Amino acid sequence: MKTRVLVNIIFRRYGLWISAFMVLFVAYWIFRSFRQDDMDWRFVRAFGIRLPMRYGIHGIDVSRHNDRINWKRVRQMEADGVRLQFVFVKATEGATMTDRHFDKNWSEAKKSNLRRGAYHFYHPTRDPVKQANNFIRHVELSTGDFAPVVDFEVTNGQSDEAIVDGLRLWLATVEEHYQARPIIYTNGSLYKRYIKGNLDEYPLWIADYSTKHLRAYDPDRLYLWQHNQNGWVQGIRGQVDFNVFVMDENRLQEICL
């Protein structure tokens, strides 16, 4: 009885402080769980950026903006145990444009034993079937290559419905030709507005440089994460986009031919 009375007295006098302590304790562990992702990052001087080391498969994407590339040096580069294992190469844009370095980059990436993928820069104001056929005319995929990628990062003032319908038509046309489900590349805001809830059946490659975790995206569809656009790679002039494969490594084949 005396013990119960003593406890009641303590809670009456110090209950507010005890409650505050408990709230801070819970908040600390929540904060620590969010920081857990940060603990996996490491600055790798040779690449000039921090890398999410919890993932084992790292890669880059390139286009004509990277000019001529020394692919042998790219493949040979290794730092802090990280070696680049894949590359996505820009192939086409709109209904008629082709990246002027695509053919060379495409063949040299294969010779360098990098897993390669090709992407199309999509314009919502252009006919989606003509855009799909532009990609198909220029890109021949082989077993082991990544599935085709649509790069969706501009809206050009089109309506939401027109954008979603156009993307769906491009994806369907390309999927029918290659017999492989294409990958959607986009950023966080466009994903939330146009992709989520409309094109959820397609694998996702997200560009998000501001976050240290990926809780905002569908974990069942997110395969690739472009986490930085300011990296450096031997054999490539200027800064390079860096990516990681975020699924279990044995699931890589799910987005390849």
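As shown above, the structure is provided for reference.
Scoring rules and cut-offs
Residues numbered from 1 in each chain as written. Predicted model: local features only at pLDDT ≥ 70, side-chain atom pairs only at ≥ 80, totals over all residues. Heavy atoms only, no water. Axes fitted to C-alpha atoms, helices over the stretch in contact; angles between N-to-C directions. Helix = DSSP H or I, 4+ residues; strand = E, 2+ residues; numbered from the N terminus. Parallel < 35°, antiparallel > 145°, perpendicular 65-115°, else oblique. Contact = heavy atoms within 4.5 Å. Nonpolar A, V, L, I, M, F, W, Y, C, P; charged D, E, K, R; others polar. Phe/Tyr/Trp six-rings, centres within 6.5 Å; stacked < 30°, edge-to-face > 60°. Buried < 20%, exposed > 50% of the residue type's maximum accessible area, 1.4 Å probe, protein only.

Draft legend 1. Up close: the packing of helix α5 (residues 160-178) against helix α6 (residues 188-195). α6 packs onto α5 with a crossing angle of 90° between their chain directions and a minimal axis gap of 10 Å. With respect to their mutual orientation, α5 and α6 come out roughly perpendicular. Here α5 contributes Asp 160, Ile 163, Val 164 and Leu 167 to the contact with α6, which in turn contributes Arg 193, Tyr 194 and Ile 195. A per-class count over the contact of α5 with α6 returns five nonpolar, no polar and two charged.

Draft legend 2. Layout of the packing of aromatic side chains. In the structure shown here, the tally under the stated rule is 13 aromatic pairs. Taken together, a centroid distance of 5.9 Å and an interplanar angle of 75° make the contact between Phe 86 and Phe 88 edge-to-face. Taking relative accessible area as the criterion, Phe 86 reaches 2% and is therefore assigned buried. Aromatic pair Phe 135 and Tyr 178: ring centres 5.9 Å apart, planes at 75°, arrangement edge-to-face. Taken together, the positions of Phe 135 in helix α4 (residues 128-138) and Tyr 178 in helix α5 put the pair 43 residues apart, joining distant regions of the chain.

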